[in-house]
Amino acid sequence: MSTRATAKKPAKAAADRHRTPAGPGQPRPSRHFAVVGAGIAGVACARTLVQAGHKVTLFERNDAAGGRMASVDTAFGRFDSGAQYFTVRDPRFALALENAPGVCKRWSANLVRVLDAHGRVAEAALPSLEPHWVAQPGMDSLVARWAAPLGNSLVTGTRVTNIEPDALDAKRWQLRTAGADDSQHVYSGFDAVLLAVPPAGARALLGEGKLSATLARKIEPVRIAPCWTLMIAFPQANQPNMSHLGPQWNAARSTHHRVAWLARESSKPGREPVERWTLQASATWSQEHLRDAPSRVEAKLLRAFAEITGIHATPAHAQAICWNEAQTQVPVGTTHLWDAKARIGIAGDWCTGHRVEDAFLSGLSLALDVI
Ligand SMILES: Cc1cc2nc3c(=O)[nH]c(=O)nc-3n(C[C@H](O)[C@H](O)[C@H](O)COP(=O)(O)OP(=O)(O)OC[C@H]3O[C@@H](n4cnc5c(N)ncnc54)[C@H](O)[C@@H]3O)c2cc1C
């Protein structure tokens, strides 16, 4: 690099050095990536980039990594408030799980289908085609384990609010962020920005297409349904000679008009024994009741729970939460998106599906593409 070049602004000179093209056989220079969103997709993406020798700053608006692989602690034990379990179909996901020994356990979900026809409830065992896996002690534990080696590269409690050209080097990006206390910061010097957030957030951060019209066009058709979730605990069921209340199954897919899924949390490995259930409302019902108060949703879902399970006892704990973006209905159709010209990428389960494994593979493939 000439003396004249180094006499430029120090930041510009550093940027030039950074971009020196690698010669044949030489390792490619390390780049600095901003990854937004520390769900399983963002963490898989960030880990892969770091392993390839790149610098990563991973931004997460919540206090911890996990995203929709979420667990809620209560006085009666933990609930998986988002993903209930996962399945493993791809060898790359299987290999990654092998590298986190002891975190995941097989769950004997004893899954049934509950049919609500003419007011009568019938049960039909669903053939268990593939094992159900859960992380322990909660579903968030897997992402937490994978995020641990990232150390200070994971910046939690920090919501990315804007992506804009770097004030010192227009060929790079800088990110504006807001903390929980509304404190604002600017992080600069990123060679690329990788969004691993649900679609509404990705659309907003793309400035409705101003940063990449290509990406905005590709994610426009994506649709993702909300999900009201109810978590209830019955400590009274754990009396001597009473192993649990109600049905013999631990999980059910339901055709009840309000409820799509029920799971006995206490049947999952590594959980507290207090009888606890999680219910997920159907996508249609969740959409219709999106604006309802949690107390109203709680009452309606409790009634549905009693109809399906025959448990009419009053729970000692009940909490309803709403996921505004829960399950993909129309995906992008490719594992990830990468606009090399804009230097912006997108990953998340919603690229191909609605499962934990889809999210992992999406984050992994985006990282491999940009490397
Ligand atoms: C109720 C429910 C039940 C489910 N059940 C199952 C199941 O049984 N099996 C299964 O395989 N899958 C299930 N899923 C789906 C599974 O949870 C997802 O596929 C997976 O967790 C998605 O991971 P992700 O990394 O793509 O996105 P997310 O987990 O949504 O991660 C995105 C992250 O980005 C963060 N973020 C968003 N905006 C910003 C911002 N501006 N700045 C900083 N951070 C930001 C969020 O806080 C979040 O941590 C379920 C999901 C829900 C909601």
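Each remark here, short or long, concerns the structure printed above.
In this text, all values refer to a predicted model and were calculated from it rather than measured experimentally.

Caption draft 1: Representation of the site of the ligand within the structure. In the vicinity of the ligand, 36 residues are found, and the nearest of them are E60, R68, Y85, D349 and V356. Contact between the ligand and Y85: a nitrogen atom at 2.7 Å from a main-chain N or O atom of the residue. In this structure, R355 approaches the ligand through a main-chain N or O atom, which is 3.2 Å from an oxygen atom. Contact with the protein chains hides 92% of the accessible area of the ligand, taken as 1000 Å² for the molecule alone.

Caption draft 2: Up close: the packing of helix α3 (residues 40-51) against helix α10 (residues 356-370). Between α3 and α10, the shortest axis-to-axis distance is 7 Å and the interhelical angle comes to 30°. In this structure, α3 crosses over α10, and the sense of that crossing is right-handed. Two secondary-structure elements touch here, α3 through I40, A41, A44, C45, T48 and L49 and α10 through V356, A359, F360, G363, L364, L366, A367, L368 and V370. Within the contact of α3 with α10, the residues separate by chemical class into 13 nonpolar, two polar and no charged.

Caption draft 3: Representation of the sheet that holds strand β1 (residues 32-36) within the structure. Spatially, six strands are ordered β9-β2-β1-β13-β20-β19 in an open sheet, and the strand pairing comes out mixed. A single partner strand is all that each edge strand has here, and the edge strands are β9 (154-155) and β19 (337-339). One ladder, built from three bridges, connects β19 with strand β20 (residues 344-346); its direction is antiparallel. Residue W338 lies in a different strand from β20, and its bridge partner there is G345. The strands that α3 touches are β1, β2 (55-59) and β13 (192-195); relative to β2, the one it contacts most, it runs at about 165°.

Caption draft 4: Quick look at the environment of A46. Mapping A46 onto the fold places it in helix α3. The class of A46 is buried, set by a relative accessible area of 0%. Taking the C-alpha atoms as reference, A46 lies 9.2 Å from L154; in sequence the two are 108 residues apart.

The rules behind each value
By convention here, each chain's residues receive numbers from 1 onward along its written sequence. Predicted model: local features are reported for residues with pLDDT of at least 70 only, side-chain atom pairs are reported and counted for 80 or more only, and whole-chain, interface and lining totals are derived from all residues. The basis for every side-chain value is the complete set of non-hydrogen atoms in the structure, without hydrogens or water. The near set for a molecule or strand comprises every residue that places at least one heavy atom within 4 Å of it. Distance and chemistry together define a polar contact, namely a pair of N or O atoms within 3.5 Å, with one atom able to donate a hydrogen and the other to accept it when in protein, and with adjacent residues in sequence counting only for side-chain atoms on both sides. Shrake-Rupley sampling with a 1.4 Å probe provides the accessible areas, and residues are treated as covered by the protein chains on show and by no other component. Orientation is described by lines fitted to C-alpha atoms, with helices fitted over the stretch in contact, and by angles between N-to-C directions that extend from 0 to 180 degrees. Where helices and strands are cited, they refer to DSSP runs of H or I of at least four residues and of E of at least two residues respectively, numbered from the N terminus. Here a crossing is called left-handed whenever its near helix is offset anticlockwise from the far helix by less than a right angle, and right-handed whenever the offset is clockwise. Contacts are assigned to residue pairs with any non-hydrogen atoms lying within 4.5 Å of each other. Any residue that is not Ala, Val, Leu, Ile, Met, Phe, Trp, Tyr, Cys, Pro, Asp, Glu, Lys or Arg is counted as polar, Gly included; the first ten are nonpolar and the last four charged. Pairing between strands is defined by DSSP: at least two bridges between them are needed. Burial classification: accessible surface area is computed with a 1.4 Å probe over protein chains only, and a residue below 20% of its type maximum counts as buried, one above 50% as exposed, and the rest as partly exposed.

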